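# Analysis of the macromolecular model
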Amino acid sequence: MDPLWILFIGMVVVLGGILALRLHAFLALVLGALIVAGLTPGAAIIKHGISKKLSPEAAKASAELPAIKRVTYAFGNTAGQIGVLVALATIVGKCLLDSGGADRIVRTTLRVLGEGRAALSFLLSGFLLGIPVFFDTVFLLMIPLAKALRMRTGRNYTLYILSIIAGATMTHSLVPPTPGPLFVAAALKVNLGLMILAGCAVGTVTAGVGWAFAHWLNRRMDIPVRDPGQASLADLETFTQRDEKELPPFWLAALPIVLPVLLIGASTPLDFPAWRDTIAAWPPALVAAIRTLGESNVALGISALIGLGTLVWQGRSHGEVFTKGVEKALEEAGVIILITSAGGAFGGVLQQCGIGPRVQELSVTFSIGILPVAWAVTALVRVAQGSA
């Protein structure tokens, strides 16, 4: 069967399951992966294995595995790459929310930039918080502030909402340790520090474009303030009404976000060939320390400890912090890890069917650039599925 047809059938199963049958994304992705794996001929699997530098015998053995085995292997491989990092990042995000650190970051940027630049404040706050905190939490956290400013000024609600989205969406989609870019870095074997730096650089440009669009649309559309009737919004709104004295200082609120970026970024040049001679002259103990602290799991672990320590410093009981708080964070992380790993399994079996070479062949046949084709397919999946 043509890989394009296998891709089409797989997408119909996944998107139809999510949009039409209202299946959980995890179930839809696993079902789509199983169908794609079952439709992929053995010859395509052998060809893919050889392209990955497997021996002919190993590639043939892979082709003889049942579909469920190939799906679970790809699932486990993805979970092994991103599982601990997602769990630690979720703990950091939960600590930022519970301690008031996220609220402190938003309030400080509003105070520094002034109410007249509130949209820029929302953009920058969303951009920073989107690195460790999942997008939906950032959005719900900042919505009450946007509503309060809209009620006070009577204008610019469209601008405020889109500024939050432009900032938080970019880092959530481009900067590890959020699951999407984390998986991309692992799948393409990109240095994590380089991924963070490049993601921030690209995200700065795209967030700026989003902010410009927000200004353009704000002049043409006025969105009224509505009560969404969501319990989660009511819960998060209480965080924005805290007394200033209850919130941690700005440096402590920002530390769990900034520190892992600095640690991972500091270790990135160690892998650059151009720096090899310079680094060889450094004390071995220093190089080992930078490499250890810059390892992504270690850096995020330190960040999580700082977040938990902030809650203890505020007078929370150890049981509330280390049992209830961590347990709730890990519950959220578990769902994200399952969905991301199922997406990795779906992508893994799609690679085995030969869709990459087939799209490349299509690009050559019809004289279409491979990058526009890849972008169009990705954009279609992103819009239809809703997940990064």
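This one's a predicted model, so the numbers in the text were calculated from it and none came from an experiment.

Over its 18 residues, helix α9 (residues 157–174) extends 26 Å from the first C-alpha to the last, a length consistent with the 26 Å expected when each residue adds 1.5 Å. Taking burial as the measure, the 18 residues of α9 include 14 buried ones, the bulk of the element.

With respect to the helices, strands and loops of the structure, R104 is situated in helix α6 (residues 101–113). Polar contacts involving the side chain of R104 include one to the main-chain carbonyl oxygen of P248, which spans 2.8 Å. Not counting residues within four places of it along the chain, the set of residues in contact with R104 comprises R111, E244, L247, P248, P249, F250 and A253.

Here we take up helix α7 (residues 118–129). Residues spaced three or four apart along an α-helix point in a common direction, a consequence of the helix completing one turn every 3.6 residues. End to end, α7 covers 16 Å across 12 residues, agreeing with the expected 16 Å (1.5 Å per residue, within 8%). Most of α7 is tucked away, with 9 of its 12 residues classed as buried. All buried positions along α7 are accounted for by A118, A119, S121, F122, L123, S125, G126, F127 and L129.

Further remarks concern the nonpolar core. Counting 56 residues, the largest nonpolar core has V86, I91, F122, L129, A146, Y160 and L300 as the members making the most contacts within it. Ranked by residues supplied to this core, first place goes to helix α5 (residues 67–99) with 10 residues. Those residues in contact with L300 that lie beyond four places of it in its chain are L85, L88, A89, V92, P177, P260 and I264. If you look at the next biggest cluster of nonpolar residues, it comprises 22 residues, including M11, A28, A33 and V359.

This next bit is on unusual backbone geometry. Backbone geometry places R22, a non-glycine residue, at a positive phi of 60 degrees. Tracing the backbone shows R22 in the loop between α1 (3–20) and α2 (25–39). In the Ramachandran plot, N156 falls in the positive-phi region, its phi being about 70 degrees despite a non-glycine side chain. With respect to the helices and strands, N156 occurs in the loop between α8 (135–153) and α9. According to the relative accessible area criterion, N156 is buried, its value standing at 18%.

Time to look at the confidence of the model for the protein. In this model, the protein carries a mean pLDDT of 83, and residues with pLDDT of at least 70 account for 91%. Residue range residues 228–233 is modelled with pLDDT below 50. Its contacts to residues more than four positions away, or to other chains, number 7 contacts.

Bringing the packing of aromatic side chains into the picture now. Summed over the entire model, instances satisfying the criterion amount to 4 aromatic pairs. For the pair F26 and F75, a centre-to-centre distance of 6.2 Å together with 70 degrees between the ring planes defines the contact as edge-to-face. Here F26 is found in helix α2, whereas its partner F75 is found in helix α5, with 49 residues between them in sequence. With 5.9 Å between their ring centres and 25 degrees between their planes, F213 and W216 make a pair best called stacked. Of this pair, F213 and W216 both sit in helix α11 (residues 192–218), 3 residues apart, roughly one helical turn.

Tracing the chain through its elements places A58 in helix α4 (residues 56–63). Residue class for A58 comes out partly exposed when judged on its relative accessible area of 33%. Considering only alpha carbons, one finds A58 and V184, 126 residues apart in sequence, at a separation of 25 Å.

What follows concerns the packing of α6 against helix α13 (residues 250–267). Put simply, α6 and α13 touch, their axes get as near as 9 Å, and they point 115 degrees apart. Relative to α13, the element α6 lies roughly perpendicular. As α6 packs across α13, the resulting crossing turns out to be left-handed. On α13, the residues touching G101, R104, I105 and T108 of α6 are F250, A253, A254 and I257. Counted by class, the contact of α6 with α13 contains 5 nonpolar, 2 polar and 1 charged residues.

As a further point, take a nonpolar patch on the surface. Among the surface-exposed residues, M1, W5, F8, V12, L21, L23, L27, L31, I35 and L39 lie close enough to one another that they form a single nonpolar patch of about 960 Å² accessible area. If you list the elements that add at least two residues to the nonpolar patch, you get α1 and α2. Broken down by element, the nonpolar patch gets its largest block of residues, 4 residues, from α2. Mapped onto the fold, F8 is located in helix α1.

Each pair of packed helices can be summarised by the angle the axes make with each other and by the distance between the axes. The N-to-C vectors of α7 and α11 enclose an angle of 150 degrees; their axes lie 11 Å apart at closest approach. Between α7 and α11, the angle is such that the two are roughly antiparallel. In terms of crossing hand, the pair formed by α7 and α11 is right-handed. Residues A119, L120, L123 and F127 of α7 form the contact with α11, whose own contacting residues are C200, G203, T204, A207 and W211.

Cut-off values and rules
- Residues numbered from 1 in each chain as written.
- Predicted model: local features only at pLDDT ≥ 70, side-chain atom pairs only at ≥ 80, totals over all residues.
- Heavy atoms only, no water.
- Helix = DSSP H or I, 4+ residues; strand = E, 2+ residues; numbered from the N terminus.
- Expected span 1.5 Å × (residues − 1).
- Buried < 20%, exposed > 50% of the residue type's maximum accessible area, 1.4 Å probe, protein only.
- Polar contact = N/O pair within 3.5 Å; in protein donor to acceptor, adjacent residues only side chain to side chain.
- Contact = heavy atoms within 4.5 Å.
- Core = buried A, V, L, I, M, F, W, Y, C linked by side-chain atoms within 4.5 Å.
- pLDDT = per-residue confidence, 0-100.
- Phe/Tyr/Trp six-rings, centres within 6.5 Å; stacked < 30°, edge-to-face > 60°.
- Axes fitted to C-alpha atoms, helices over the stretch in contact; angles between N-to-C directions.
- Parallel < 35°, antiparallel > 145°, perpendicular 65-115°, else oblique.
- Left-handed = near helix turned anticlockwise from the far one by under 90°.
- Nonpolar A, V, L, I, M, F, W, Y, C, P; charged D, E, K, R; others polar.
- Patch = residues over 30% accessible without salt bridge, like charges linked within 9 Å, V, L, I, M, F, W, Y side chains within 5 Å.
- Areas by Shrake-Rupley, 256 points an atom, 1.4 Å probe, with all protein chains shown as cover.
- Salt bridge = Lys/Arg side-chain N within 4 Å of Asp/Glu carboxyl O.

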